[in-house]
Amino acid sequence: DTGVSQNPRHKITKRGQNVTFRCDPISEHNRLYWYRQTLGQGPEFLTYFQNEAQLEKSRLLSDRFSAERPKGSFSTLEIQRTEQGDSAMYLCASSLGISLGDTEAFFGQGTRLTVV
Amino acid sequence: DQQVKQNSPSLSVQEGRISILNCDYTNSMFDYFLWYKKYPAEGPTFLISISSIKDKNEDGRFTVFLNKSAKHLSLHIVPSQPGDSAVYFCAASRSTNFGNEKLTFGTGTRLTIIP
């Protein structure tokens, strides 16, 4: 297992189209996070899962966004009816999430979305 | 409301000297702090962390200092090397019995090491 894997690395789509991104976390990690990063900003939290349960969603996650983590393994993030403001780097991270001592989240390389 | 702030967007340091990156936070519920390093077109890479029960944590050339009363932390890199040139993000979190909650990031500091 070489770390968190995200696909695709780049996605260009026309405004109004739907897009789906996939994240494969580190295999023994129970927690999975989605973040979004725009130019000049730090990553902003979108949502996270503990196994298959979605525990928190940010206000940034409008009703056009949906995330799933079936069976507590990989996760998908879907954006419906994309808008130009959705253009950003979408980052996935995972962490162990089993005890108080679990700390670091490890990030994938991200999916760069461009909406034209 | 920016709960984690990195007030220096950029910093240039001579190779071999010490780099000091600063971070301030406002939410007193944060009890775990991390530094990530990011190269262009890549995801953030974990560097070092510190729990609020400590005031210093060291890992090789990297040391993080935490001043809880001032709600301030800093990352020291010594000696600085050209490969340290990257954007550094400070992040804060609350710990729970099942690991940390979401990370709240600062806006980053671009560090440039001058050979």
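Here the residue index of a chain counts from 1 through its sequence in written order. Numbering of ligands from 1 and lettering of chains from A proceed in the order in which they are written. Two thresholds apply to this predicted model, a pLDDT of at least 70 for residue-level local features and 80 or more for giving and counting side-chain atom pairs, whereas whole-chain, interface and lining totals are computed over all residues. Processing note: side-chain calculations cover all non-hydrogen atoms of the structure and skip hydrogens and water entirely.

K.L.:
Where do I start with the overall build of chain B in this structure?
P.N.:
Working definition: helices are DSSP H or I runs of at least four residues, strands are E runs of at least two. Numbering for both runs from the N terminus. Of regular secondary structure, chain B possesses zero helices and 13 strands. Beginning at the N terminus, the succession of helices and strands in chain B can be written as β-β-β-β-β-β-β-β-β-β-β-β-β. The atom set for the radius of gyration is the C-alpha atoms, and the globule formula is 2.2 Å times the number of residues raised to the power 0.38. Here chain B has a C-alpha radius of gyration of 14 Å; the compact-globule value for 115 residues is 13 Å, and the two agree. Oriented by its inertia axes, the alpha-carbon framework of chain B measures out at about 45 × 30 × 25 Å. When each of the 115 residues of chain B is scored for burial, the buried share is 46%. His residues and chain termini do not enter the charge count, which takes Lys and Arg as positive and Asp and Glu as negative. Charge coordinates come from a single atom per side chain, which is NZ of Lys, CZ of Arg, CG of Asp or CD of Glu. Side-chain charges in chain B split into 12 positive and 10 negative, and the spacing between the mean points of these groups amounts to 3 Å. Whether a residue is buried, partly exposed or exposed follows from its accessible area with a 1.4 Å probe, protein chains only, as a fraction of its type maximum: under 20%, in between, or over 50%, in that order.

K.L.:
Whenever I open this one, the pattern of salt bridges confuses me. Can you help?
P.N.:
Opposite charge on two side chains lets them pair, provided their charged atoms get close. For this analysis, a salt bridge means a side-chain nitrogen from Lys or Arg found within 4 Å of a carboxyl oxygen belonging to Asp or Glu. For the structure shown, the criterion picks out six salt bridges over all chains. One salt bridge connects Glu56(A) with Lys102(B), and the closest N-O pair in it is separated by 2.6 Å. Pair noted here: Glu56(A) is in strand β6 (residues 53–57) and Lys102(B) is in the loop between β11 (99–100) and β12 (104–105), and the two residues belong to different chains. What emerges from the salt-bridge pattern is a single network uniting Arg64(A), Glu83(A) and Asp86(A).

K.L.:
Got a minute to help me understand the confidence of the model for chain A in this structure?
P.N.:
Here chain A shows a mean pLDDT of 91. Residues at 70 or above account for 93%. Values of pLDDT, which run from 0 to 100, indicate the predictor's confidence residue by residue. Element-level pLDDT for chain A is lowest in β6(A), with a mean of 89, against a maximum mean of 98 in strand β3 (residues 19–24) of chain A.

K.L.:
Explain the interface of chain A and chain B here, please?
P.N.:
Interfaces are frequently sized by the accessible area removed from exposure as the parts join. Tallying the contact residues gives 26 residues for chain A and 23 residues for chain B. When chain A packs against chain B, the two sides together hide about 2000 Å² of surface, and 55% of this comes from carbon and sulfur. Linking chain A with chain B are one salt bridge. Among the elements of the structure, β4 (31–37), β5 (44–50) and β9 (88–95) of chain A are those that each provide at least two residues to the side of chain A that touches chain B. When residues of the side of chain A that touches chain B are assigned to their parent elements, the largest contribution, four residues, is made by β4(A). Any two residues whose heavy atoms approach within 4.5 Å are treated as being in contact. Note on definitions: buried area is the accessible-area loss of two parts on being combined, 1.4 Å probe, summed for both.

K.L.:
I tried to follow the side chain of Arg36(A) on my own but got confused; where do I start?
P.N.:
All names here are of chain A. In this structure, Arg36 sits in strand β4. Salt bridges are absent for the buried Arg36, whose nearest opposite-charge side chain, Glu44, sits at 4.5 Å. Apart from residues lying up to four places away in sequence, Arg36 is in contact with Gly42, Pro43, Glu44, Leu46, Leu60, Phe65, Ala88, Met89 and Tyr90.

K.L.:
Can you walk me through the sheet that holds strand β6 (residues 56–59) of chain B in this structure?
P.N.:
Strands pair in a sheet through their backbones, by hydrogen bonds, and they do so in one of two ways: parallel or antiparallel. Residue and element names in this part refer to chain B. DSSP calls a pair of strands paired once it identifies at least 2 bridges connecting them. The strand order across the open sheet formed by five strands is β1-β3-β8-β7-β6, and the pairing between neighbours is antiparallel. Here the strands that pair on one side only, and so sit at the sheet edges, are β1 (4–5) and β6. In the sheet, strand β3 (residues 19–25) pairs with strand β8 (residues 72–77) via six bridges, with the strands oriented antiparallel. Considered in β8, the bridge of Asp24 is made with His72.

K.L.:
What's the story with the environment of Gly106(B) in this structure? I'm lost.
P.N.:
Within the secondary structure, Gly106(B) is located in the loop between β12 and β13 (109–114). You can call Gly106(B) buried: its relative accessible area is 0%. Distance in space between the C-alpha atoms of Gly106(B) and Asp24(B) is 8.7 Å, their sequence separation being 82 residues. The contact partners of Gly106(B), leaving out residues within four places of it in the chain, are Gly42(A), Gln2(B), Val4(B), Gln6(B), Phe89(B) and Cys90(B).

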